[in-house]
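Structural features, examined
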Amino acid sequence: MSAIARNIAIVKSTLPPHTRLVGVSKFHPVEALQEAYEAGQRIFGESRVQELLTKQAALPTDIEWHFIGHLQTNKVRQIAPFIGLIHSIDSPRLLTEVEKEAARCNRVIDCLLQLHIASEETKYGFSPDECRDFLATNAWREMSHIRIRGVMGMATYTDDESLIRSEFASLQAFYREIKACHFADAPSFDEISMGMSHDYPIAIEYGATLVRVGSLIFGDRI
Ligand SMILES: *Cc1c(COP(=O)(O)O)cnc(C)c1O
């Protein structure tokens, strides 16, 4: 068994049945993804468009590709034909662009709203109030080529477990709030993407349905 296969098996053994593993393969070569694929991994997360396009062209077609990084509107067109889930919708403008490009491809693209939950300044995402205001406009209800599946967030990068817990708890509470207010009749609003290599076991406790694990599977990025 390869190291990558072993790492995947270890992570998977800790996941509850309702939580899926996104193998975050950014900065790792195609060979590493191929190894993960042979170990049964089918969902891969990438954060750069060019890198994603190169890998998508080189690897099997039954892979579900997720985009997890900051996405520029002028690059949406390149991934729209095949992307399985965009975790990182961080503005109304980006969602509008995804709607437009998905329509061009005759697709419905699944999206998550990225929330800024960390105390760090540097992370992208809606603040809870910006997100509430956007949902209240109901503009997204007219968009028939996107489907809002849930929320995504990143906790502060810290050893302070209580801070990580409070941030994941706040994302779970926010998910429940907007589900009740705006998606009560949408069973497909069912995803909470949170948790990375160092904090995914905590994220699971707060209802993560997608964990985004990179270095624990593929090793350190160069
Ligand atoms: C890189 C990245 C991850 C994975 O990080 P690891 O610490 O390597 O598990 C998860 N989510 C996002 C948004 C990332 O950019």
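Residues numbered from 1 in each chain as written. Predicted model: local features only at pLDDT ≥ 70, side-chain atom pairs only at ≥ 80, totals over all residues. Heavy atoms only, no water.

**Overview of the site of the ligand**
Worth spelling out the cut-off: If a single non-hydrogen atom of a residue is within 4 Å of a molecule or strand, that residue counts as near it. N or O atoms within 3.5 Å of each other form a polar contact, as long as, within protein, one can give a hydrogen and the other can take it, and as long as residues adjacent in sequence are counted only when both atoms are side-chain atoms. Residue burial considers only the protein chains on display, and all accessible areas are found by Shrake-Rupley using a 1.4 Å probe. For each structure, a 1 Å grid was placed over the protein atoms alone; sets of points admitting a 1.4 Å probe that cannot get out are labelled cavities, open sets with protein on both sides within 12 Å along at least five of seven lines are labelled pockets, and lining residues have an atom within 4 Å of a point. Molecule-in-pocket calls rest on the fraction of atoms, with more than half required to lie within 2 Å of the cavity or pocket grid points. In this count, Pro and Cys sit with the nonpolar residues alongside Ala, Val, Leu, Ile, Met, Phe, Trp and Tyr, while Asp, Glu, Lys and Arg are called charged and the others, Gly among them, polar.
The ligand sits among Val24, Lys26, Ile68, Met154, Met196, Ser197, Arg212, Val213, Gly214, Ser215 and Arg221. Gly214 places a main-chain nitrogen or oxygen 2.8 Å from an oxygen atom of the ligand. Within the backbone of Ser215, a nitrogen or oxygen atom sits 2.8 Å from an oxygen atom of the ligand. Isolated, the ligand exposes 390 Å² of accessible area, and the fraction of that covered by the protein chains is 91%. Using a 2 Å cut-off from the grid points, one finds that the ligand occupies the largest pocket. Classifying every residue of the shell around the ligand gives five nonpolar, three polar and three charged.

**Remarks on unusual backbone geometry**
The following threshold applies: Working definition: helices are DSSP H or I runs of at least four residues, strands are E runs of at least two. Numbering for both runs from the N terminus. For each residue, the accessible area found with a 1.4 Å probe, counting protein chains only, is set against the maximum for its type, and the residue is called buried under 20%, exposed over 50%, and partly exposed in between.
One non-glycine residue, Phe27, lies in the positive phi region at around 70 degrees. The residue Phe27 is located in the loop between β1 (20-24) and α2 (30-38) in this model. With a phi angle near 60 degrees, Asn106 is a residue other than glycine that sits in the positive phi range. Inspection of the secondary structure assignment puts Asn106 in the loop between α5 (92-104) and β5 (109-115). Relative accessible area serves as the criterion here: at 71%, Asn106 is assigned to the exposed category.

**Quick word on the layout of surface pockets**
Rolling a probe over the atoms, with the probe sized like a water molecule, indicates the empty space that remains. Defined as follows: Grid points are joined across faces, edges and corners, and a volume is the space filled by probe spheres set on the points.
Of the pockets and cavities examined, the largest pocket occupies roughly 610 Å³. Lining of the largest pocket is provided by 25 residues; of these, Lys26, Ser47, Ile68, Met154 and Met196 occupy positions nearest its centre. In the lining of the largest pocket, the residues fall into 10 nonpolar, 10 polar and five charged. Space inside the second largest pocket adds up to approximately 150 Å³. Along its surface, the second largest pocket is lined by Trp140, Arg141, Met143, Ile146, Arg147, Ile148, His182, Phe183, Asp185, Ala186 and Ser188. Top element by residues in the lining of the second largest pocket is strand β6 (residues 146-153). It accounts for three residues. Class assignment of the residues belonging to the lining of the second largest pocket gives a composition of six nonpolar, two polar and three charged.

**Topic: the packing of aromatic side chains**
Formally: Geometry of aromatic contacts follows a simple scheme: Phe, Tyr and Trp rings, the Trp one being its six-membered ring, pair when their centres are within 6.5 Å, and the pair is stacked under 30 degrees between planes, edge-to-face over 60, tilted otherwise. To sit over a ring, a charge needs its Lys NZ or Arg CZ within 6 Å of the ring centre and within 35 degrees of the ring normal.
One pass over the structure, following the stated rule, counts five aromatic pairs. Aromatic pair Tyr175 and Phe189: ring centres 5.1 Å apart, planes at 5 degrees, arrangement stacked. Highlighted residues: Tyr175 in helix α7 (residues 161-182) and Phe189 in the loop between α7 and β7 (191-193), separated in sequence by 14 residues. An aromatic cluster is built from Trp140, Tyr175, Phe183 and Phe189, whose rings are joined through pairwise contacts. Over the face of the ring belonging to Tyr37 we find Arg42, whose NZ or CZ atom lies 3.6 Å from the ring centre.

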